[in-house]
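One letter stands for each residue in the lines below.
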Amino acid sequence: MNRWDTLRHHHAEVRDRAILTLFDDPARAGAFSVDADGLLFDYSKTNIDVSGRALLIALAEGADVAARREAMFSGARINETEGRAVLHTALRNLDASVIVDGQDVMPPVRETLGRMEAFARDLRTGRARGQGGRITDVVNIGIGGSDLGPAMACLALAPYCDGPRLHFVSNVDGAHVHDVLAPLDPETTMIIIASKTFTTIETMTNAEAARRWMASKVSDTGRQFAAVSSALDRTSAFGIDGGRVFGFEDWVGGRYSMWGPVGLALMIAIGPERFREFLKGGAAMDAHFRSAPFGQNMPVMLALVGIWHNQICGHASRAVLPYEQRLSRLPAYLQQLEMESNGKRVAMDGTDLVENSGPVVWGEPGTNGQHAFYQLIHQGTRVIPCEFLLGAQGHEPDLAHQHRLLAANCLAQAEALLRGRSLDQARAIMAAKGLSGDELERQARHRVFPGDRPSTMLVYPKLTPFVLGQIIALYEHRVFVEGVILGINSFDQWGVELGKELALALEPVLKGESDGAGKDGSTLRLVRRLRGEG
Ligand SMILES: O=P(O)(O)OC[C@H]1O[C@](O)(CO)[C@@H](O)[C@@H]1O
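Residues numbered from 1 in each chain as written. Predicted model: local features only at pLDDT ≥ 70, side-chain atom pairs only at ≥ 80, totals over all residues. Heavy atoms only, no water.

(A) Molecular detail of the pairing of strand S14 (residues 386–391). With respect to burial, S14 is a largely interior element, six of its six residues being buried. Of the two faces of S14, the one carrying Cys386, Phe388 and Leu390 and the one carrying Glu387, Leu389 and Gly391 are both buried. As defined by bridge partners, strand S12 (residues 317–323) adjoins S14 across five bridges and the pair is classed as parallel. The partner of Val320 across the bridge, within S14, is Glu387. As defined by bridge partners, S14 adjoins strand S15 (residues 455–460) across six bridges and the pair is classed as parallel. When the sheet's bridge partners are listed, Leu390 is paired in S15 with Val459. (Buried < 20%, exposed > 50% of the residue type's maximum accessible area, 1.4 Å probe, protein only. Helix = DSSP H or I, 4+ residues; strand = E, 2+ residues; numbered from the N terminus. Pairing = 2+ DSSP bridges.)

As structure tokens, then:
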């Protein structure tokens, strides 16, 4: 039996055992959780037991996670389909040297960070001015990895945002750029165009729209544009002065890029010192990931719990449920991080994937989700493993009672998933309400919660820049470990290409410049309807 089969065999043996019974062992909670620099990852409310964990760890060992991890950190070209190193970790590990092809890549990284800091300081202090005075608003135009990270983090760290107001434009839908720019004054706005390739159609189209908007009121538009990219020839062709261009290398993947120049918007919002705290949080997680034994290694255990639920138990989706309003964009951020990284059907060597690819990741902050989709999580026919995130403290001391209520709800949901409510308990509730006979039975059945539904909980002290850095690096490494175990290259994204190509070909059809020969009947009929022709 190979390791996967052994795990499946083990699962078959334990699948009917209720998770709650595992807590007969009073040491369960402590033994099935991991601590790392103030973070606590509790996976005790899952059906993983000592043998299951040992088998999962053996799976990671057998996949050579440790060697791949070191290959990544040391700059080997582990992104084999694109022939690139994967070194986003270098952006936050500023004290070390990282040698790629015989060259230390760190001096230019530090130099760019220094320039970003100077630029951010100038904007924050008012030294760098727009043509109508101090810059009051900064608009980041980017999409995917050039948007989701900084947008998520600016919201997450709102209590630390004391610079110019930040805005984000991503969608090619003109409504987005229109609605963001409409209330702003071009004379006091700085536009950052963030695009690794500087070719992404959404970003370049929005950048042109922003330039026209700027030109309506400002004579020297170029002065109020900055760019973040690894295609410096294209940024200068767009007319952005090299002094306001912040470059990065192709070894930083788009969805892993918020630690470097793509984080410029965040740095402007929270200030260079707090941005460094964010980097330090990421670096602390890197150090933990590289040194902790697998059983006590948070990213490794997070990944193994994910593998257990998805590939072994067959639960195809996972809910990410932050009990922290300011993490409301975390699920969207993780959707790109996880699904663009591990949503693949072939292994690194081009053969068909033997196991299922990564799960569907979705979610919303609690408690809002409780009043929307938790119904299905509790009583739907499919099991959805839930990943709760909760801070010990909020940022509003005057509203500490609300934070307590928030925490109570989070713990209650995890408990409800674990315990459920039996038919007998439901019957007793109905009897207490005065029901009897068939009506009692019917009503009781609706009030049964099967329980025995797995969840994990990540507890952090408070959502500071450092802690956010830890959390994001934790998720990045989790994706990496899952990818290695599945044999996937987590750092390419060929699956986004076909739609892009077809969209380019369809635009002239919508415009009436091409007849759409070769298109299917449905597409052509929809085109006619959109053109008002039937
Ligand atoms: O930063 P860029 O090059 O504009 O790319 C934006 C996003 O587009 C993608 O390539 C997907 O289309 C993502 O991987 C990337 O984060």
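(B) Up close: unusual backbone geometry. Of the consecutive residues Gly366 and Thr367, the connecting peptide bond is found in the cis state with omega at 10°. With respect to the secondary-structure elements, Thr367 resides in the loop between strand S13 (360–362) and helix H14 (374–379). A positive phi angle is found at Asp37, which is not glycine, with a value near 45°. Locating Asp37 in the fold gives a position in the loop between strand S1 (33–36) and strand S2 (39–42). Positive phi outside glycine occurs at Asp452, with the angle close to 60°. Tracing the backbone through its elements, the reader meets Asp452 in the loop between helix H17 (437–446) and S15. On the basis of relative accessibility, which here comes to 29%, the residue Asp452 falls in the partly exposed class.

(C) Summary view of the side chain of Lys45. Along the chain, the position of Lys45 falls in the loop between S2 and helix H3 (50–62). Notably, Lys45 is buried but unbridged: the nearest opposite-charge side chain belongs to Asp42, and the N-O separation is 4.5 Å. For Lys45, the contacting residues outside a window of four places in its chain are Ile19, Phe23, Ala414, Leu418, Arg453, Pro454 and Ser455. (Lys, Arg positive; Asp, Glu negative; His and termini not counted. Salt bridge = Lys/Arg side-chain N within 4 Å of Asp/Glu carboxyl O. Contact = heavy atoms within 4.5 Å.)

(D) Here's a closer look at the UniProt feature "active site" (unreviewed entry) in the protein. Under the local residue numbering, the UniProt record ascribes the feature "active site" (unreviewed entry) to Glu340, His371 and Lys500. Spanning 161 residues, the annotated positions stay apart in the fold, the maximum distance between their C-alpha atoms being 36.6 Å. By relative accessible area, which is 22% here, Glu340 ends up partly exposed. Excluding anything up to four places from it in sequence, Glu340 contacts Arg255, Gln335, Asp492, Gln493 and Val496. Only 2.7 Å separates the side chain of Glu340 from the side chain of Arg255, close enough to count as a polar contact. Among the secondary structure elements, His371 is positioned in the loop between S13 and H14. (UniProt positions renumbered as here; feature names shortened; annotations may be inferred. Polar contact = N/O pair within 3.5 Å; in protein donor to acceptor, adjacent residues only side chain to side chain.)

(E) Broad picture of the sheet that holds S14. If you trace the six strands from one edge of the open sheet to the other, you get S1-S2-S15-S14-S12-S13, paired in mixed fashion. Edge positions in the sheet fall to S1 and S13, since each has one partner strand and no second. When strand polarity is set aside, the average angle formed by the axes of neighbouring strands in this sheet is 15°. As paired elements, S1 and S2 share four bridges and run antiparallel to each other. From the neighbouring strand, Ala36 faces S2, where its bridge partner is Leu39. Relative to S2, helix H12 (residues 298–312) is tilted by about 25°, and along the sheet it contacts S1, S2, S14 and S15. (Axes fitted to C-alpha atoms, helices over the stretch in contact; angles between N-to-C directions.)

(F) Expanded view of the site of the ligand. The local shell around the ligand holds 13 residues, among which Gly145, Ser146, Ser195, Thr197 and Thr200 are the closest. One of the backbone nitrogen or oxygen atoms of Gly145 is found 2.7 Å away from an oxygen atom of the ligand. Between Thr197 and the ligand, the recorded distance is 2.6 Å, taken from a side-chain N or O atom to an oxygen atom. Across the complex, the protein chains shield 88% of the 390 Å² of accessible surface that the ligand would expose by itself. (Near = heavy atom within 4 Å. Areas by Shrake-Rupley, 256 points an atom, 1.4 Å probe, with all protein chains shown as cover.)

(G) Representation of the packing of aromatic side chains within the structure. Applying the stated criterion across every chain, the model contains 14 aromatic pairs. Ring centres of Phe73 and Phe289 lie 6.2 Å apart, and the angle between their planes is 50°; on these two criteria the pair is classed as tilted. Of this pair, Phe73 sits in helix H4 (residues 65–73) while Phe289 is found in helix H11 (residues 272–291), placing the two residues 216 residues apart along the sequence. Accessibility classification places Phe73 together with Phe289 in one group, the buried group. Among the aromatic residues, those joined into a cluster by ring pairs are Phe73, Tyr256, Phe289, Phe480 and Phe491. (Phe/Tyr/Trp six-rings, centres within 6.5 Å; stacked < 30°, edge-to-face > 60°.)

(H) Molecular detail of the pattern of salt bridges. What the rule picks out here adds up to 35 salt bridges. Residue Lys217 is joined to Asp185 by a salt bridge in which the shortest nitrogen-to-oxygen separation is 2.9 Å. Placement of Lys217 in the loop between helix H8 (201–215) and strand S10 (225–229) and of Asp185 in the loop between helix H7 (174–181) and strand S9 (189–194) is noted, with a sequence separation of 32 residues between them. Using a relative accessible area of 45% as the deciding quantity, one classes Lys217 as partly exposed. The class of Asp185 is partly exposed, set by a relative accessible area of 26%. The partner of Arg531 in a salt bridge is Glu533, and the shortest N-O contact between them spans 2.9 Å. When its relative accessible area of 35% is taken as the criterion, Arg531 is described as partly exposed.

(I) Geometry of helix H5 (residues 106–125). Between its first and last C-alpha atoms H5 spans 28 Å; for 20 residues at 1.5 Å apiece the expected length is 28 Å, and the two agree. Those residues of H5 lying buried are Met106, Val109, Thr112, Leu113, Met116, Glu117, Phe119, Ala120 and Leu123. (Expected span 1.5 Å × (residues − 1).)

(J) How the structure looks around the sheet that holds S9. One open sheet accounts for five strands, arranged S8-S7-S9-S10-S11; its pairing is parallel. Edge strands, defined here as strands with exactly one partner in the open sheet, are strand S8 (165–169) and strand S11 (245–247). Along the sheet, successive strands turn relative to each other by an average axial angle of 15°, direction set aside. Two elements, strand S7 (residues 137–141) and S9, share five bridges in a ladder whose sense is parallel. The residue bridging Val138 from the neighbouring strand is Met190, located in S9. Along the sheet face, H5 touches S7, S9, S10 and S11 and points at about 150° away from the line of S11. Across the sheet, H7 is in contact with S7, S8 and S9; its angle to S8 comes to roughly 165°.

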